[in-house]
Amino acid sequence: MTMSKTTYREAIKAALAQEMQRDATVVQIGEDLRGGQAGTNPELESGKVEAFGGVLGVTKGLWTEFGSDRVIDTPITESAIIGMAAGAALTGLRPVAELMFMDFFGVCYDALYNQAAKFRYMFGGKARTPLVVRGMIGAGFSAAAQHSQSPYNVFAAVPGLKVVAPSNAYDAKGLLIQSIRDDDPVVFCEHKTLYDVKGEVPDDPYTIPFGVANYTREGTDVTIIALSAMVNAANTAADKLAAEGVSVEVVDPRTVSPLDEEGILESVDSTGRVVIVDESAARCGFGHDVAALIATRAFGSLKAPIELVTPPHTPVPFSPVLEQAWLPDAARIEAAVRKVVSA
Amino acid sequence: MALTKSALLSAYRKMTEIRAFEDRLHEENATGDIPGFIHLYSGQEAIAVGVCENLNDTDYIGSTHRGHGHCIAKGCDLNGMMAEIFGKNDGLCHGKGGSMHIADLSVGMLGANAIVGGAPSLAIGAALSAKTLGNGGVAASFTGDGGSNQGTVFEAMNMAVVLELPIVFVIENNGFGEATGRDYAVGAPSIAGRAASFGMPSTTVDGTDFFEVYDATYEAVERARRGGGPSTIEATAHRWHGHFEGDAQLYRTADQVAELRKNQDPLMKFRAKVIGRKVTAKELDAIDAEARERVDVAVAKARAAEYPPQESLLSDVYVSY
């Protein structure tokens, strides 16, 4: 298989393009996926200009390749975007709806939470809702309180939704192709600080199954469980600690729902010491869910109390100084590892 | 639009089935054997049927919490509906949805919907599918006067105009959202006028008159099928029962309801218009009797049916997980 050094952004775009080539029912729906509709630049008339290609350029080029019937620019109207995508998914399309910033789920949550997630169960198993909702998560850009959150914990609490949060370009492409081919509604969380990070990615399409964790570091003393951008921070901490003789295993579940419970427990059983890193929430977050899993299923293996590294229970602050203090980083992870090792 | 005799009889059959179904549910509910809440459609039959007689099985509708009439008009099986309302395994949703979530995608029924204003954004999705797949299909969504104030409805209307989607937004103005009157809750003088301001054809019809609803929908559906985009129809009618069964209806008097039933009965209006022309009173009376028999059978089957097995609790959350 031919591999290329590819950014997370390009890997996501390749997944979208390849699935659109493969399946004519795959459509993209969102704000400024092309951009420039009714703009005053005369060159827009030529049909060659993509004014935005997504606010961070993820969908740039798709409109040129597939046209307005399949790359559908919408007004700023999230409630109608997600509702329309859910209805279209019930009736023969495989829509990929872009929410831009996941924070905006607040203005359209009904369509996802009360509608798409529940169709199959409410209708007695007769519905399929092959819907993907893509959006950016994560702090680190001083995008402030309404453009920096990581609400994958909220989505994962809803039966009927699947929730994906890839930490690297390879996983992003394989998991997004799986999401588009999947017959259930999937919330696909792209961390905005990862878009320019490169990795080796196969040129051809491939899928990664949901609910299969990836061990990004193997070790024997401590297990770190981390997701999305926090995997990179965990790897950094693990590499530094390795130089000091502390052997750290890093487990990236890759999907929040379904969760690879056995993959996590296997590592915990072997190390007996656990640090969980989670950007979602200081209360009722992904980290607390994993901690509860370990406490109920692997208590006998634990040699030390579980350590959680999360942001404080505050909105995401704007000023870079405050934002850096808010965001879990390698130094805090390292400190947590030292604590469980010495306990 | 001049309808054939068989089309008239088909429309009447559906309207009278809705009436018989709902009147019987009113009685069955009083026995305490129906779980949860039910919301009855009596008084609005001409709207569901006037709209759906213009649609095929491959067209889709989105519905409301008051959805039994829409289901019957779109072709859902009466036995499956009744069993669902009783919470039985033979129900259209195997007892997992109930009155407020009856769905049958095989006849284009996208589900009753317990979220007020929930249908329009889903229905524009069905319209997008029809447009993208190029199959000539259309969608219709039902929303009440109460639901017409929801922001999602406005967003769906604007999106439909922008994307030129083949959809008919039907607003059923029955005068009340729960216990609050339309004149209090709708700030605009006309719901149809508000829809028109989004840039689509919009009209108001007497929703107790099947022919007015049918003709307005015929025009809107034809326009949608030939690529002319969305329309809105505001149909005024009256809710004969309370918001939900058990509602004491302190917001209106029993005399007012009796007056509505006497003078605003969609079935009586239909009979007055057709008897002596293409059909006879005897033919319609026979259809009434058949409808009551079909509902009798549906109730008997639903009562005799089994509740869902315990193992179904965990099934069908996902296609695969």
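Residues numbered from 1 in each chain as written. Chains lettered and ligands numbered in written order. Predicted model: local features only at pLDDT ≥ 70, side-chain atom pairs only at ≥ 80, totals over all residues.

Identification of chain B as Thiamine pyrophosphate-dependent dehydrogenase E1 component subunit alpha from Rhodococcus rhodochrous is taken from an unreviewed UniProt entry. Its UniProt record gives chain B a comment under Cofactor (unreviewed entry), which states: "thiamine diphosphate". (UniProt positions renumbered as here; feature names shortened; annotations may be inferred.)

You'll find chain A entered in an unreviewed UniProt entry as Pyruvate dehydrogenase E1 component beta subunit, with Rhodococcus rhodochrous J3 given as the organism.

Moving on: the overall build of chain B. A count of helical and extended segments in chain B gives 12 helices and 7 strands. The C-alpha atoms of chain B give a radius of gyration of 19 Å, which matches the 20 Å a tight globule of 321 residues would have. Each of the three principal axes of chain B carries a C-alpha extent, and together these read 60 × 50 × 40 Å. Counted over contacts in chain B with a minimum sequence separation of 6, partners at least 24 positions apart contribute 75%. (Helix = DSSP H or I, 4+ residues; strand = E, 2+ residues; numbered from the N terminus. Rg over C-alpha atoms; globule rule 2.2 N^0.38 Å. Contact = placed C-beta atoms within 7 Å.)

The subject of this paragraph is the overall build of chain A. A tally of regular secondary structure across chain A gives 12 helices and 14 strands. In terms of overall size, chain A behaves like a compact globule, its C-alpha atoms giving a radius of gyration of 20 Å where 343 residues would be expected to give roughly 20 Å. With the C-alpha coordinates of chain A rotated into their principal frame, the extents come out at 65 × 45 × 45 Å. Put simply, 78% of the contacts in chain A that link residues at least 6 apart link residues at least 24 apart.

Residues and elements named next belong to chain A. Its 15 residues give helix H1 (residues 8-22) an end-to-end C-alpha distance of 21 Å, which sits within 8% of 21 Å, the value for a rise of 1.5 Å per residue. Most of H1 is tucked away, with 11 of its 15 residues classed as buried. When H1 is considered as a whole, its buried residues turn out to be Tyr8, Arg9, Glu10, Ala11, Ile12, Lys13, Ala14, Ala15, Leu16, Glu19 and Met20. (Expected span 1.5 Å × (residues − 1). Buried ≥ 20, exposed ≤ 12 C-beta atoms within 10 Å, placed from the backbone.)

Below, the discussion takes up unusual backbone geometry. All names here are of chain A. Residue Ser257 is joined to Pro258 through a cis peptide bond whose omega torsion reads 0 degrees. Its location among the elements puts Pro258 in the loop between strand S12 (255-257) and helix H9 (261-271). The phi dihedral of Ala144 falls on the positive side, at around 70 degrees, and the residue is not glycine. Within the secondary structure, Ala144 is located in the loop between strand S5 (132-137) and helix H6 (152-156). The partly exposed category is assigned to Ala144, around which 15 C-beta atoms lie within 10 Å.

Moving on to the sheet that holds strand S7 (residues 231-236) of chain B. Residue and element names in this part refer to chain B. Pairing within the open sheet is parallel, and its 5 strands lie in the order S1-S2-S3-S7-S6. Edge positions in the sheet fall to strand S1 (60-62) and strand S6 (202-206), since each of these pairs with one other strand and no more. Ignoring strand direction, the axes of neighbouring strands in this sheet form an average angle of 20 degrees. Pairing between S6 and S7: 5 bridges, direction parallel. Bridge pairing in S7 places Ser202 opposite Thr232. Seen against the sheet, helix H2 (residues 45-52) touches S1, strand S2 (139-144), strand S3 (167-173) and S7 and runs at an angle of roughly 170 degrees to S3. (Pairing = 2+ DSSP bridges. Axes fitted to C-alpha atoms, helices over the stretch in contact; angles between N-to-C directions.)

Once that is clear, we can look at the interface of chain A and chain B. Each partner contributes to the interface: chain A provides 36 residues, whereas chain B provides 37 residues. Those elements giving two or more residues to the side of chain A that touches chain B turn out to be helix H3 (78-90), helix H4 (109-116) and helix H5 (119-122) of chain A. Ranked by the residues each element gives to the side of chain A that touches chain B, the list is headed by H3(A), at 9 residues. Considering only residue class, the side of chain A that touches chain B consists of 17 nonpolar, 12 polar and 7 charged. (Nonpolar A, V, L, I, M, F, W, Y, C, P; charged D, E, K, R; others polar.)

Residues and elements named next belong to chain A. Among the 6 residues that make up S5, 6 are buried, leaving the element largely enclosed by the rest of the structure. With burial as the criterion, each face of S5 is covered, one bearing Val132, Arg134 and Met136 and the other bearing Val133, Gly135 and Ile137. Examined bridge by bridge, strand S4 (residues 94-101) and S5 share 4 bridges and lie parallel to one another. Bridge pairing in S5 places Ala97 opposite Val133. Judged from the 6 bridges that link them, S5 and strand S7 (residues 186-191) form a sheet pairing that is parallel. Its bridge partner lying in S7, Val132 is registered against Val186.

All right, on to the sheet that holds S12(A) then. All names here are of chain A. Within the open sheet, the 7 strands sit side by side as S3-S2-S4-S5-S7-S6-S12. Their pairing is mixed. Looking at strand neighbours, the two that pair on one side only are strand S3 (71-73) and S12, the edges of this open sheet. Looking at each pair of strands side by side, their axes are set apart by 20 degrees on average, direction ignored. Direction of pairing for strand S6 (residues 162-164) relative to S7: parallel, over a ladder of 3 bridges. Residue pairing for S7: Lys162 is matched across the bridge by Val186.

Take the UniProt feature "domain: Transketolase-like pyrimidine-binding" (unreviewed entry) in chain A next. With numbering aligned to this structure, UniProt lists the feature "domain: Transketolase-like pyrimidine-binding" (unreviewed entry) at residues 6-197 of chain A. A distance of 8 Å separates the end C-alpha atoms of residues 6-197 of chain A, which is 33% helix and 17% strand.

Residues and elements named next belong to chain A. Considering the arrangement of structural elements, one finds Pro202 in strand S8 (residues 198-202). In the structure, Pro202 is positioned 196 residues away from Thr6 in sequence and 9.1 Å away in space, judged by C-alpha atoms. For Pro202, the contacting residues outside a window of four places in its chain are Met1, Thr2 and Met3.

All names here are of chain A. Two numbers describe how H1 lies on helix H7 (residues 169-181): the axes approach to 8 Å, and their chain directions differ by 25 degrees. In terms of orientation, H1 and H7 fall into the roughly parallel class. Both H1 and H7 take part in a crossing whose hand is right-handed. Residues Tyr8, Ala11, Ile12, Ala14, Ala15 and Glu19 of H1 form the contact with H7, whose participating residues are Ala169, Ala172, Lys173, Leu176, Ile177 and Ile180. By residue class, the composition of the contact of H1 with H7 is 10 nonpolar, no polar and 2 charged. (Parallel < 35°, antiparallel > 145°, perpendicular 65-115°, else oblique. Left-handed = near helix turned anticlockwise from the far one by under 90°.)

What follows is about the domain arrangement of chain A. Many descriptions give the size of an interface as the accessible area lost when the pieces come together. All names here are of chain A. As assigned here, chain A comprises domain 1 (3-202) and domain 2 (214-342). Of note, the centres of domain 1 and domain 2, computed from C-alpha atoms alone, are 28 Å apart. Contacts between domain 1 and domain 2 engage 27 residues on the former and 25 residues on the latter. Listing elements by their share of the side of domain 1 that touches domain 2, those giving two or more residues are H6, S6, H7 and S7. The class makeup of the residues in the side of domain 1 that touches domain 2 is 15 nonpolar, 10 polar and 2 charged. (Domains from an automatic or database assignment.)

Per-chain confidence: chain B averages 97 in pLDDT, with 100% of residues scoring 70 or above. Interface confidence in the predicted complex, given as ipTM, is 0.95; pTM for the same model is 0.96. (pLDDT = per-residue confidence, 0-100.)

Residues and elements named next belong to chain B. Structurally, Val116 can be placed in the loop between helix H4 (78-85) and helix H5 (119-133). Residues Val116 and Ser42, 74 residues apart in the sequence, show an inter-C-alpha distance of 19 Å. With sequence-adjacent residues up to four places away left out, Val116 is seen in contact with His65, Gly146, Gly147 and Gln150.

The terminal C-alpha atoms of helix H1 (residues 5-30) of chain B lie 38 Å apart, and with 26 residues this matches the ideal 38 Å at 1.5 Å per residue to within 8%. Gly32(B), located one to two residues past H1(B), shows a positive phi value of around 85 degrees.

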